Structure formats: structure tokens, C-alpha cells
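# Residue-level structure breakdown
Here is what each chain is made of, one letter per residue.
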Amino acid sequence: MIYLDNAATTWPKPPQVMDAIQEVLTHMGGNAGRGGHGAAIQMARRIHQTRQALCDLFGTQDPTQVIFTQNATHALNQALFGLLQPGDHVITSSIEHNAVARPLWALKQRGVEVSEVPGIPGREFDLEAYDKAFQTNTKLVVTLHASNVTGTMLPIQEIGQIAHEHKAYYLLDAAQTAGVFPIDVGRQSVDILAFPGHKGLLGPQGTGGLIVQPGIRLEPLIYGGTGSLSEEDRQPEFLPDALESGTLNGAGIAGLGAGVRYILHEGVDSIRVREQALCRRLWNGLKEIQGVKLYGSDIVEQRSPIVAFNIGDMDSVEASFRLEEKAGVIARAGLHCAAHAHRLFGTLEQGVVRFSPSHYTSEQEIETILQAVKSVSEYTWS
């Protein structure tokens, strides 16, 4: 197969990731923080090493501010439900993934006010309208970094600065950019960063997390055993324990750490430039094919590594099926759990086919993909 669904889950993973997972499952036992024996200490060391690697990647200093979760959706829910209370006001964008849109809908039913910054294709986030959306009770701004539908990037530096001018926190969903674009939570005015482990960070599924800046207190989503203050019924208030009840995914976190160290070694910029070059070839090739409509900016170097398109009026799921049937091309089609973005781009009925290469994708695979799209298009128009 030719795998072009890296915006959902990256594949293949670096060999170091598989090695790290296998090492834990083969040679280690024990739960981190549960006992003073060697196996527990060894696992705790692996988990701490991953926290430190994430600090190195995201420009923060304190590993205890790194909170592990099941995925970015879990992380975003922890941040949103942990911070917002009835009577609070939150501002978001008009192209959010359901990982933000659905929790905000649920919070709205509980008395949280939600404002959505309007946008249009080519101007997806109106900074002037955003600045005017703040109220006296605005507590949080939450946006994605890049759209999972088109790769459109939001101006997070300006969004964070304006939020801070209004004394609000900024929660950034880095699902499509962590490991692909440089992120420095201090310099970019990000108070809480949510990230998945299984996408650009090249770790396994079932991993993700939050980085919470000092001074921000989140109410836990889950209460239970932490291996600390076990004599008390109340949940510990210090991080990471306050937000990490239950046994962590030690093997997965070890694999995530290996993925992050691989990125640090290879360089975020090197990986991104490679992926964007592949997207440039895809874009240039697709726009020459009859009936293909492309979505998003044609400056692919200013987007996350995603190319979204349709073939005439063909349903995007059918187009994706034909591409897999014809050439083994694995691509995401449909609504991508992002109906808000599809409403903005006018694709709510048809969806889009999404190509998302990785730095492992070859130029020859890109040429095969373009030939497959051309063949499907010619069949459609014949």
C-alpha cells in the first residue's frame, strides 16, 4: 500500500519506537510510582525520560508540567473541563476539530458561554473580530494550530498575545503540528498545549498529553490512585499526579519518547521541509488533472503537510475507495471529524479526499498517486 493518512496516524514509525516498546514489554515489569522495587523505578525512569524529551521539544523546563493522556482528545477534554466553569466565557475558531467542538457544546449546556470567531476561505481567523469578542468573563481561548482538513495554519502568536492582553489563557491544539512545526510554549504565549503521540511525534496510538504552564490549576477528569499521598482520600494537587490517576501506558510512553528523540535528532525543520516538498509536488500535479478541485492556500509551505481535494462531484469516500482499489493508495475521505471546517469550505455534503505524506513517503509513490488520481478522474469524465 501507499500510505497517505499520516494526519490521522503516522506510519511507518522509526525503528527506535518499536525497539523501545519491545524493550519495555520484554524486559520490564512494574508500574511507575507503585512500589520502591527495581522494576517500578526502571519504568518511572523511562517515563521521566519522555517527559524531559517533550520539554526539550516544546521549549519548557519543568518535566512535572508534562501530563500524559490517552490522546489529544483526552488532553483537550482534561483542559477544557478542568478549567471552565458555568458563567465562564471561551473563544474558539470556526474550523475546530470535534475534539474541541464537542466538549465546548457540552460545556455550553452547563452554562459556559462560547463564541466562535468567524472566518472565510483564505481568511479563516479574523483577528479584528477575535479582539472584539472578549468579555469581562472570558477565561480561555482555544484553537487548533493547523486545520486537519486543509492544513490551514492559524496565527497562534497573535492569538496568544491578544488573549494575554485580555487576561485570558490560551489552549493550543497541536494535533497537526507537534513534531512538524517548531513550538515553544513560552515564546508563543501558549498556556496549555495539547498534543497527540501517534501523529507527528511518531509514537504509538494510545499516547498524548498536555503541557500546563506553572500557576494554572485544572480540576482532574479522573480521580484515583497516583502512588502518592495514598493515605488520603483527596486527590493530590501537585503535577503530574493530580491529573494522572491510574497506571500509565508505560510501553507506549517509552515508544513516544523514542519518537521524540528521533525528531530532535533529525530536526523538526528537516522533517517539515521534506513533507512540504512532497505536498508541493502533489499540489502541482493535482491541479493539472481535469476535474480536480483543491482546497486551501496554494502556498503549501505555509500549511501543515496536507493536500485536500475532490474529483468533480464524486463523493470523496467513493474517490478514496477507487484510489485504494486502483493503486493501493490509503487516504482519508469524508468529514474528518471536523464539520465546522467543512461548513466554512463548502464541503459538508461531499467531504474531501485528504492526502498527508510523511517524510518516509517517496517521490515515486507521489508519482504513482498522481497517476491513480488521473485515472479515476478520466473514468469520471469519460
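Please refer to the structure placed before this passage.
Residues numbered from 1 in each chain as written. Predicted model: local features only at pLDDT ≥ 70, side-chain atom pairs only at ≥ 80, totals over all residues. Heavy atoms only, no water.

## Points about the environment of Val-141
- Within the element layout of this structure, Val-141 appears in strand β5 (residues 138-144).
- With 23 residues separating them in the primary sequence, Val-141 and His-164 have C-alpha atoms 9.6 Å apart.
- In this structure, Val-141 is in contact with Ile-91, Tyr-130, Phe-134, Ile-159, Ala-163, Tyr-169, Tyr-170 and Leu-171, ignoring residues within four places of it in sequence. (Helix = DSSP H or I, 4+ residues; strand = E, 2+ residues; numbered from the N terminus. Contact = heavy atoms within 4.5 Å.)

## Overview of the layout of surface pockets
- The calculated volume of the largest pocket comes to roughly 320 Å³.
- Lining the largest pocket are 24 residues, with Thr-73, His-97, Ala-175, Gln-176 and Lys-199 sitting closest to its centre.
- If you list the elements that add at least two residues to the lining of the largest pocket, you get α3 (72-83) and α4 (98-109).
- With three residues, α3 is the largest single contributor of residues to the lining of the largest pocket. (1 Å grid on protein atoms, 1.4 Å probe; cavity = no way out; pocket = protein on both sides within 12 Å on 5 of 7 lines; lining within 4 Å. Points joined across faces, edges and corners; volume = space filled by probe spheres on them.)

## Remarks on the sheet that holds strand β9 (residues 292-295)
- If you walk across this open sheet you meet the four strands as β9-β10-β13-β12, and the pairing is antiparallel. Among the strands making up the open sheet, the edge pair consists of β9 and β12 (332-334). Taking each pair of neighbouring strands and ignoring which way they run, the sheet shows an average axis angle of 30°.
- By the bridge criterion, four bridges tie β9 to strand β10 (residues 307-311) in an arrangement that is antiparallel. Its bridge partner being in β10, Leu-294 is matched across the sheet by Phe-309.
- Across the sheet, helix α8 (residues 268-286) is in contact with β9, β10 and β13 (352-355); its angle to β10 comes to roughly 20°.
- Contacts from helix α9 (residues 316-327) reach β10, β12 and β13 within the one sheet, and its direction differs from that of β13 by about 45°. (Pairing = 2+ DSSP bridges. Axes fitted to C-alpha atoms, helices over the stretch in contact; angles between N-to-C directions.)

## Concerning empty space enclosed by the protein
- As enumerated under the stated definition, the model contains one cavity of 30 Å³ or more in all.
- For the largest cavity, the calculated volume is near 180 Å³.
- Along the walls of the largest cavity sit 19 residues, with Asn-6, Thr-10, Val-180, Gly-200 and Glu-275 positioned nearest its centre.
- For the lining of the largest cavity, a count of residues per class yields eight nonpolar, nine polar and two charged. (Nonpolar A, V, L, I, M, F, W, Y, C, P; charged D, E, K, R; others polar.)

## Quick look at the nonpolar core
- Counting residues in hydrophobic clusters, the biggest one holds 60 residues, and the most contacted among them are Leu-54, Phe-58, Tyr-130, Leu-193 and Leu-201.
- Per-element tally for this core: the top contributor is helix α7 (residues 250-266), with eight residues.
- Sequence-distant contacts of Phe-58, that is, excluding residues within four places in its chain, are made with Ala-178, Ile-183, Asp-184, Val-185, Leu-193, Phe-195, Leu-201 and Ile-211.
- Listed in part, the 27 residues of the second largest apolar core include Cys-279, Ile-289, Val-292 and Ile-369. (Core = buried A, V, L, I, M, F, W, Y, C linked by side-chain atoms within 4.5 Å. Buried < 20%, exposed > 50% of the residue type's maximum accessible area, 1.4 Å probe, protein only.)

## Notes on the packing of helix α2 (residues 38-58) against α7
- Closest axis-to-axis distance for the α2/α7 pair is 9 Å, and the angle between their directions is 35°. As α2 runs across α7, the sense of the crossing is left-handed. Taking contact as the criterion, the partners of Met-43, Ile-47, Gln-49, Thr-50, Ala-53, Leu-54, Asp-56 and Leu-57 in α2 are, on α7, Gly-250, Ile-253, Ala-254, Leu-256, Gly-257, Val-260, Arg-261, Ile-263 and Leu-264.
- A class-by-class count of the residues in the contact of α2 with α7 yields eleven nonpolar, four polar and two charged. (Left-handed = near helix turned anticlockwise from the far one by under 90°.)

## What to know about the side chain of Glu-275
- The topology assignment puts Glu-275 in helix α8.
- One buried charged residue, Glu-275, forms no salt bridge at all, with the nearest opposite charge on Arg-274 at 8.0 Å.
- Look past the residues within four positions of Glu-275 in its chain and what remains in contact with it is Val-180, Pro-305, Pro-357, Ser-358 and His-359. (Lys, Arg positive; Asp, Glu negative; His and termini not counted. Salt bridge = Lys/Arg side-chain N within 4 Å of Asp/Glu carboxyl O.)

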